[in-house]
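Residue-level listing of the chains:
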Amino acid sequence: MDFSLSFEQDAIVTSLTDFITRELYPHEKLVEELRHVPAEIAQDIRQKARAAGFGAMNMPEELGGAGLDYETLMQVERVMGKPSAPLALLVRRPTKILLKCEGQQIEDYLMPVIRGEKEDCFALTEPGAGSDARGIVTKAERDGGQWIINGVKQFISHADISDFIILIAVTGYDETPKGRQKRFTAFLIDADAPGVRIEPMKSICTRGYNPNMIYLDNVRVGDDKILGREGEGFNFANDWLYAGRVALSAHCVGRAERIYDMACDWAANRRAFGKSIGEFQGTGFKISDMAVDIKLGDLMVKEAAWKIEQGKMDRRESSMVNLYCSEMVFRVADNAVQIFGGMGMMEDFPIQRFWRDARIERIWEGTSEIHRDIIARDTLRSYRN
Ligand SMILES: Cc1cc2nc3c(=O)[nH]c(=O)nc-3n(C[C@H](O)[C@H](O)[C@H](O)COP(=O)(O)OP(=O)(O)OC[C@H]3O[C@@H](n4cnc5c(N)ncnc54)[C@H](O)[C@@H]3O)c2cc1C
C-alpha cells in the first residue's frame, strides 16, 4: 500500500497551501472581528482563486471544474480546513447535489455556482428537527401547477450571503410496510423570492460563516424548481452525505495540523524553570498524543477517500471517520490551549478561535452521539440471529 501523495497531488497541495497562506490567513483576524468577509476582500479572493486554477476543483472538467478524483479532492479539503471557514468558502467547491440540475436549472443555478457567480446554502434542519431529520415539517403543497411552501429552517450556514437555497420539504406521504412515511423533496428557492426571509443568528464558532433562520411564508414555485425528482429527497442525498462527512473529517485533519504546528512552536520556545516547556513530560506527552491522533485521522481520511472512489463507502464507515476526526480536532485544540497557558485564552492569539471552531465539528454533519448510534446499530445488525 502506498500512502504517499502522487506528484500531481503534491503539486496541488503545495500550491494551494501557498495560496491560503498568502491570500486567506492575513484576513482571518479582521473577519473574526467583523463576523463577515468585506465584499471587496471576498471578490478579490474569488478572482485570485479562479485565476490560480482553484475554482470548482470538485466539479467535472466538462462543466469547467478540475475533475479531481476523491483521493486528490480530500487532500484539497485537508488544506482547505486550515483557514477560517468564511474565507475557505470563497475558494469554491460547489455541493455535488447541484449536479442533479436539469434543463434551465443548469444555466440558472449549477453553472453560476461553478463560475463563482452565485452562492448556495443547504436547508434541512428546523427548530423541531435536527438530528431527527425525518421530523421536519416544512411543507410544499400542490396548488394547481405550483407548489406553496411554508415552514421555518434553523442554523442554515451562510444563507445570509447565498443567492439560493437548496431546501428539503415534505411533499406528501407514502404507505409503506413500515407504516406511513413522509415524502421528502429538494427545491431550489431563490433567496429573494417573495415570502422568503433570512435572519442571521449569532454563533460563537466559525464567525463570518454564519448560521441563519429562514422563514418561508407561502413561497410559490413551479415544478421547474424541483431538484431531482419529487419524493427523491433523502435517497439522492446519501452519496453526497457520505462524501460530506469525509470532507469534514479532512478539514479536521488539516486544522489539527495547523494547530499542532503552532503548539509545537510554542512548546519548543516558551521557557519556564530554565527550560523550554516542551522538555517537561506534561507538555511533551501532549505533543506526542496530538501527533498520534492527527496521524490516525489522516489515515482514516485517506482510506475513506479511497473507499468513495471505489464505490465502497457506506453509512457506518462514513460515521466512523466523521466521529474520530471531529473529536480528534477538539482534543488537539484543547491540548494546544493548555500548552499556550494564559495566552491560549487571549483574543489576540488564534488558538482560542481554533478551540471554539473545533467544537462545532462534533455537532454539524451529525452529532457524535448520532454517529455512535449508527456505528453500533449497523455493526450489531450483522450479529443478529
Ligand atoms: C453553526 C451551525 C451550522 C449549521 N449549518 C447547517 C446547515 O447549513 N444546514 C442544515 O440543514 N443544518 C445546519 N446545522 C444544523 C445541524 O446539522 C444540527 O445542529 C445537528 O444536526 C444537531 O441537531 P440539533 O442542533 O437540533 O440537536 P438535537 O437533535 O436536538 O440534539 C441535541 C442533543 O441530543 C442528542 N441526541 C438527539 N437524538 C439522539 C439519539 N437518537 N441518540 C443519542 N443522542 C441523541 C444529540 O446528539 C445532541 O447531543 C448547523 C448547526 C450549527 C450549530
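Residues numbered from 1 in each chain as written. Predicted model: local features only at pLDDT ≥ 70, side-chain atom pairs only at ≥ 80, totals over all residues. Heavy atoms only, no water.

By the naming in an unreviewed UniProt entry, the chain goes by Medium-chain specific acyl-CoA dehydrogenase, mitochondrial and is assigned to Paracoccus aminophilus JCM 7686. Recorded in UniProt for the chain, the comment headed Cofactor (unreviewed entry) runs: "FAD". Database annotation for the chain, UniProt heading Sequence similarities (unreviewed entry): "Belongs to the acyl-CoA dehydrogenase family." (UniProt positions renumbered as here; feature names shortened; annotations may be inferred.)

Engineer: Hey, could you run me through the overall build of the chain in this one?
Structural biologist: A tally of regular secondary structure across the chain gives 11 helices and 10 strands. For 385 residues, the compact-globule formula gives about 21 Å, and the C-alpha radius of gyration of the chain, at 22 Å, lands near that figure. Expressed as lengths along the three principal axes of its C-alpha atoms, the size of the chain is roughly 80 × 60 × 40 Å. Classification of the 385 residues of the chain by burial places 50% in the buried group. Residue pairs in contact within the chain that sit at least 24 positions apart in sequence constitute 74% of those at least 6 positions apart. Placing the 50 positive and 59 negative side-chain charges of the chain at their respective mean positions leaves the two points 4 Å apart. (Helix = DSSP H or I, 4+ residues; strand = E, 2+ residues; numbered from the N terminus. Rg over C-alpha atoms; globule rule 2.2 N^0.38 Å. Buried < 20%, exposed > 50% of the residue type's maximum accessible area, 1.4 Å probe, protein only. Contact = heavy atoms within 4.5 Å. Lys, Arg positive; Asp, Glu negative; His and termini not counted. Charge placed at Lys NZ, Arg CZ, Asp CG, Glu CD.)

Engineer: Could you clarify how one ought to interpret a nonpolar patch on the surface in this entry?
Structural biologist: On the surface, a cluster of nonpolar side chains totalling about 380 Å² of accessible area is made up of Met 1, Phe 3 and Leu 299. Mapped onto the fold, Phe 3 is located in the segment before helix H1 (7-24). Using a relative accessible area of 44% as the deciding quantity, one classes Phe 3 as partly exposed. (Patch = residues over 30% accessible without salt bridge, like charges linked within 9 Å, V, L, I, M, F, W, Y side chains within 5 Å. Areas by Shrake-Rupley, 256 points an atom, 1.4 Å probe, with all protein chains shown as cover. Salt bridge = Lys/Arg side-chain N within 4 Å of Asp/Glu carboxyl O.)

Engineer: Is there a simple way to think about the site of the ligand in this case?
Structural biologist: Around the ligand, the surrounding shell holds 15 residues, and the nearest of these are Thr 125, Ser 131, Ser 157, Thr 367 and Glu 369. Leu 124 places a main-chain nitrogen or oxygen 2.9 Å from an oxygen atom of the ligand. In this structure, a nitrogen atom belonging to the ligand sits 2.8 Å away from a side-chain N or O atom of Ser 157. Bound to the protein, the ligand loses 63% of the 970 Å² it would expose on its own. When residues of the shell around the ligand are traced back to their parent elements, those giving at least two are strand E1 (120-123) and helix H11 (368-381). Taken domain by domain, the shell around the ligand gets at least three of its residues from each of domain 2 (120-231) and domain 3 (235-381). (Near = heavy atom within 4 Å. Polar contact = N/O pair within 3.5 Å; in protein donor to acceptor, adjacent residues only side chain to side chain. Domains from an automatic or database assignment.)

Engineer: Is there a simple way to think about the side chain of Arg 46 in this case?
Structural biologist: For Arg 46, the position within the fold is in helix H3 (residues 39-51). Within the buried core, Arg 46 has no salt-bridge partner, and the shortest N-O distance to an opposite charge, that of Glu 119, equals 4.4 Å. Apart from residues lying up to four places away in sequence, Arg 46 is in contact with Leu 90, Gly 116 and Glu 119.

Engineer: Would you mind showing me how to read the packing of helix H8 (residues 281-310) against helix H9 (residues 315-340) here?
Structural biologist: Between two packed helices, what matters for the description is the angle formed by their axes and the separation of those axes. The contact between H8 and H9 brings their axes to 9 Å, and the two run at 155°. Classified by the angle between their axes, H8 and H9 sit roughly antiparallel to one another. For the element pair H8 and H9, the recorded crossing hand is left-handed. The residue inventory of the contact of H8 with H9, partitioned by class, reads 15 nonpolar, four polar and six charged. (Axes fitted to C-alpha atoms, helices over the stretch in contact; angles between N-to-C directions. Parallel < 35°, antiparallel > 145°, perpendicular 65-115°, else oblique. Left-handed = near helix turned anticlockwise from the far one by under 90°. Nonpolar A, V, L, I, M, F, W, Y, C, P; charged D, E, K, R; others polar.)

Engineer: How do you make sense of the packing of aromatic side chains when you look at a structure like this?
Structural biologist: In this description, an aromatic ring pair is defined by two values, namely the gap between the centres and the angle between the planes. On inspection of all chains with the given rule, the structure shows nine aromatic pairs. For the ring pair Trp 266 and Phe 340, a centre distance of 4.6 Å and an interplane angle of 25° mean the geometry is stacked. Placement of the pair is Trp 266 in helix H7 (residues 233-269) and Phe 340 in helix H9, with a sequence separation of 74 residues. Relative to Phe 349, the ring of Phe 340 has its centre 6.0 Å away and its plane inclined at 70°; by these criteria the two rings are edge-to-face. Judged by relative accessible area, which is 7%, Phe 340 ranks as buried. Through a chain of ring-to-ring contacts, three or more aromatic side chains come together here, namely Trp 266, Phe 340 and Phe 349. Positioned above the aromatic ring of Tyr 25 is the side chain of Arg 258, whose terminal nitrogen or guanidinium carbon lies 3.6 Å from the ring centre. Sitting over the face of the ring of Phe 354, Arg 353 holds its NZ or CZ atom 4.9 Å from the ring centroid. (Phe/Tyr/Trp six-rings, centres within 6.5 Å; stacked < 30°, edge-to-face > 60°. Lys NZ or Arg CZ within 6 Å of the ring centre and 35° of its normal.)

Engineer: Any chance you could explain the nonpolar core here in plain terms?
Structural biologist: It is characteristic of soluble globular proteins that their nonpolar side chains tend to be buried jointly. With 61 residues, the main nonpolar core has Leu 24, Met 74, Met 80, Val 91, Val 246, Ile 259 and Val 301 as its most contacted residues. The set of elements that each furnish at least two residues to this core consists of H1, H3, helix H4 (70-80), helix H5 (85-88), H7, H8, H9 and helix H10 (351-360). Residues lining this core come from more than one domain, with at least three contributed by each of domain 1 (7-93) and domain 3 (235-381). Other than its neighbours up to four places away in sequence, Val 91 contacts Phe 19, Leu 24, Ala 49, Phe 54, Met 57 and Met 80. The next biggest cluster of nonpolar side chains, apart from the first, holds 23 residues, and it includes Tyr 109, Ile 114, Ala 186 and Leu 188. (Core = buried A, V, L, I, M, F, W, Y, C linked by side-chain atoms within 4.5 Å.)

Engineer: Hey, could you run me through the pairing of strand E2 (residues 139-143) in this one?
Structural biologist: For a regular strand, side-chain orientation follows a simple rule: the groups alternate between the two sheet faces. By the bridge criterion, five bridges tie E2 to strand E3 (residues 146-153) in an arrangement that is antiparallel. Looking across to E3, one finds that Asp 143 is bridged to Gln 146. If you look at the hairpin formed by E2 and E3, you'll find two residues sitting between the two strands, and Gly 144 has a positive phi there, around 65°. (Pairing = 2+ DSSP bridges.)

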